[in-house]
Amino acid sequence: MTAPFIDFKDVWLAYNEELQAKGQYAVEAIDLKVQQGEFIAIVGPSGCGKSTFMKLATGLNKPSKGSIHIDQQPVTGPLKISGMAFQAPSLLPWRTTLDNVLLPLEIVEPYRSQFKQRRPEFEQRALALLDKVGLGGYGDKFPWQLSGGMQQRASICRALIHEPKMLLLDEPFGALDAFTREELWCILRDLWTEQRFNVILVTHDLRESVFLADTVYVMSKGPGRFMVRREIDLPRPRDLEITYTKEFTDVVHELRGHIGAIRKTSAVPT
Amino acid sequence: MNNKKLQAWSPWILLVAVIAIWQVLCSAFNVSEFIFPSPWRIATQTVEYHEVIAGHAWRTYWVTMAGFGIAIVVGVLLGFLIGSSRLAYTAVYPLMTAFNALPKAAFVPILVVWFGIGIGPAILTAFLISFFPIMVNIATGLATLEPELEDVLRVLGAKRWDVLVKVGLPRSMPYFYGSLKVAITLAFVGTTVSEMTAANEGIGYLLISAGSAMQMGLAFSGLVVVGAMAMLMYELFSYIEKHTTAWAHRGTNNH
């Protein structure tokens with residue numbers, strides 16, 4: 001077995017020293033090993049520290065205890081090898097869709113210093129990526145001229161334009177209608193199948209997690225902890241049809257059971 | 001006339017209506033021109049004294065623009081400083097609010113002691129009264145960045161400076177232009193107030209000297225001219241605003 005790509009060893013995080021002194025951690029005792037190119041999903045009730053986990057994995061926050069290694073390097077600050085997308089597309093309204101997608105290349109090295117000379121090449125790359133997610137011909141439109149689903153596609157393009165080794169998605173499809181959501185599942189599946197970056201997907205949607213991920217982690221609430229690790233052994237390539245099979249719904253039910261149990265225990269007044 | 005046209009012309013229609021009512025009231029009740037001049041009287045006085053008024057108006061105009069220019073530079077720099085650093089924001093903001101609460105006319109006697117009668121106090125009063133809205137708006141634009149957007153960039157290793165230049169500044173531009181519209185009208189107030197006590201030229205001086213000579217028609221002409229200048233500059237900045245930051249006004253013109 002090769003060395004894991006993402007390696008959390010007994011990671012605890014309190015947001016400040018005061019909270020740490022009281023023993024109030026946002027996440028605790030996180031142990032996690034993710035292989036190169038693995039697609040993991042994290043599910044759990046709201047406020048269970050999923051977003052905190054994302055910030056740890058990207059190096060935006062440092063753990064209070066424990067260590068994080070990514071690609072065999074200890075994480076000490078923002079990694080620059082990851083791209084992020086959130087529930088809100090948060091595109092810049094004064095930039096065209098194309099310029100929004102190009103934004104990371106204006107910031108991250110080595111693209112940053114080459115940006116002026118290689119701009120036509122980068123533009124081609126961005127347009128090709130937009131094409132892949134079904135936004136061909138929309139490059140010169142402004143974000144407010146696009147629908148919510150289209151904005152979210154552009155936001156995913158922005159997260160992928162610098163060819164990150166790790167893609168972090170924080171409920172990226174949460175605000176979309178069911179049909180658009182399933183369409184974007186397939187787009188994400190295809191992009192991942194083609195490029196094999198690591199994905200950490202945080203979601204409320206169990207079907208989404210089972211359809212897309214290799215491994216699903218169930219997180220508990222207050223403090224955030226990984227309670228269940230479930231490998232999804234459904235065959236790939238997966239088609240939307242699979243979501244109507246018994247194997248699929250069984251896994252979803254099983255996960256639903258874990259979440260229900262967690263909700264019950266945390267609903268008890270403390 | 002359809003609704004949209006009516007809306008476009010409505011300020012002019014209202015203006016004409018106000019002038020007409022004013023004229024009718026003055027004529028009907030035979031109000032003395034020394035107490036409250038009729039629009040006609042103001043108009044004839046404006047024509048009669050147009051050279052004098054133009055001279056004073058030009059003085060007031062360039063003095064205001066000088067003060068306003070300083071206000072833009074200082075307002076943008078201070079706004080950038082306090083908008084980009086939480087420490088500076090916490091430290092500077094209360095002081096600035098206290099300063100803004102002071103009546104700027106109260107500074108004029110002090111400025112006269114420092115700079116003498118003339119353009120010095122007028123430029124500085126225009127500056128003091130108009131930099132605050134510019135500063136606050138730039139600071140607000142910078143300080144209200146969406147945290148997600150900041151995360152997206154910080155994950156890529158963006159420095160605070162990158163975030164400010166790529167996102168913060170363009171984002172605060174609509175606030176900036178909006179504040180210019182407010183600030184330019186305030187700047188005219190500052191200049192005029194200062195000229196009333198501390199100058200021998202300018203519309204403010206004209207108001208005082210016409211008033212003391214009981215030339216109420218001329219005094220009202222002065223007011224009309226200041227109002228017209230302020231309005232014109234307001235419209236100019238409004239035009240610039242619409243044509244540089246169209247993305248922020250899409251709700252009103254596009255679609």
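All values reported here derive from a predicted model rather than from experimental measurement. (Residues numbered from 1 in each chain as written. Chains lettered and ligands numbered in written order. Predicted model: local features only at pLDDT ≥ 70, side-chain atom pairs only at ≥ 80, totals over all residues.)

Assigned secondary structure in chain B consists of eleven helices and zero strands. Looking at the 255 residues of chain B, the share that counts as buried comes to 37%. (Helix = DSSP H or I, 4+ residues; strand = E, 2+ residues; numbered from the N terminus. Buried ≥ 20, exposed ≤ 12 C-beta atoms within 10 Å, placed from the backbone.)

So, on to the packing of helix 3 (residues 50-84) of chain B against helix 8 (residues 160-198) of chain B. Angle between the axes and distance between the axes: these two values describe a pair of packed helices. Residue and element names in this part refer to chain B. Between helix 3 and helix 8, the shortest axis-to-axis distance is 8 Å and the interhelical angle comes to 145°. Helix 3 and helix 8 meet at a crossing whose hand is right-handed. Of the residues in helix 8, those touching helix 3 at Thr-60, Val-63, Thr-64, Gly-67, Phe-68, Ala-71 and Ser-84 are Leu-164, Ala-183, Ile-184, Ala-187, Phe-188, Gly-190, Thr-191, Thr-192 and Glu-195. The residue makeup of the contact of helix 3 with helix 8, split by class, is eight nonpolar, seven polar and one charged. (Axes fitted to C-alpha atoms, helices over the stretch in contact; angles between N-to-C directions. Left-handed = near helix turned anticlockwise from the far one by under 90°. Contact = placed C-beta atoms within 7 Å. Nonpolar A, V, L, I, M, F, W, Y, C, P; charged D, E, K, R; others polar.)

Per-residue confidence for chain B gives a mean pLDDT of 87, with 97% of residues at or over 70. ipTM for the predicted complex: 0.75, alongside a pTM of 0.77. (pLDDT = per-residue confidence, 0-100.)

Residue and element names in this part refer to chain A. Strand order in the open sheet formed by four strands is 2-1-4-5, and the pairing between neighbours is antiparallel. In this open sheet, the two strands that pair with only one neighbour each are strand 2 (27-34) and strand 5 (73-74). With five bridges connecting them, strand 1 (residues 6-13) and strand 2 associate as antiparallel partners. Note on strand 2: the bridge partner recorded for Leu-13 is Val-27. (Pairing = 2+ DSSP bridges.)

A few words on the nonpolar core. Residues and elements named next belong to chain A. Formed by 85 residues in total, the largest nonpolar core has its most connected members in Ile-40, Ile-42, Cys-157, Ile-200 and Val-216. Of all the elements, helix 6 (residues 148-160) adds the most residues to this core, at six residues. Apart from the residues within four sequence positions on either side, Ile-42 is in contact with Lys-50, Phe-53, Ile-200, Val-202, Tyr-217 and Met-219. (Core = buried A, V, L, I, M, F, W, Y, C linked by C-beta atoms within 7 Å.)

Further remarks concern the interface of chain A and chain B. How big an interface is tends to be reported as the loss of accessible area on association of its parts. Contact residues are listed per partner, giving 19 residues for chain A and 17 residues for chain B. For the side of chain A that touches chain B, the element with the highest residue contribution is strand 6 (residues 82-86) of chain A, accounting for three residues. Grouping the amino acids of the side of chain A that touches chain B by side-chain chemistry returns 14 nonpolar, three polar and two charged.

Residue and element names in this part refer to chain B. At Trp-9, helix 1 (residues 3-28) shows its maximal kink, close to 50°; a proline, Pro-11, follows between one and four residues later. Burial within helix 1 is sparse, with just zero of its 26 residues counted as buried. Once helix 1 finishes, Asn-30 follows within two positions and takes phi at roughly 55°, a positive value. (Bend = angle between axes of the 7 residues up to and from the residue.)

The next subject is the sheet that holds strand 8 (residues 198-203) of chain A. To summarise the sheet geometry, strands pair through backbone hydrogen bonds and adopt either a parallel or an antiparallel arrangement. Residue and element names in this part refer to chain A. Ordered in space as 6-7-8-3-9-10, the six strands form an open sheet in which the pairing is mixed. With one partner strand each, in any of the chains shown, strand 6 and strand 10 (225-231) form the two edges of the open sheet. Across the sheet, the axes of successive neighbouring strands diverge by a mean angle of 15°, strand direction being ignored. With five bridges joining them, strand 6 and strand 7 (residues 166-170) adopt parallel strand pairing. In the sheet register, Phe-86 faces strand 7, and the bridge partner there is Asp-170.

Another point: the pairing of strand 6 of chain A. Taking burial as the measure, the five residues of strand 6 of chain A include five buried ones, the bulk of the element. What you see with strand 6 of chain A is no split at all: Ser82(A), Met84(A) and Phe86(A) on one side and Gly83(A) and Ala85(A) on the other are buried throughout.

All names here are of chain A. Going from Arg-236 to Pro-237, the amide bond is cis rather than trans, its omega being -5°. Mapped onto the fold, Pro-237 is located in the loop between strand 10 and helix 9 (246-267). Backbone geometry places Asp-10, a non-glycine residue, at a positive phi of 45°. By the secondary structure assignment, Asp-10 is in strand 1. On the neighbour-count criterion, Asp-10 (12 C-beta atoms within 10 Å) is exposed. The phi torsion at Arg-196 lies on the positive side, around 55°, for a residue other than glycine. Among the structural elements, Arg-196 can be located in the loop between helix 7 (178-195) and strand 8. C-beta crowding within 10 Å serves as the criterion here: with 13 such atoms nearby, Arg-196 is assigned to the partly exposed category.

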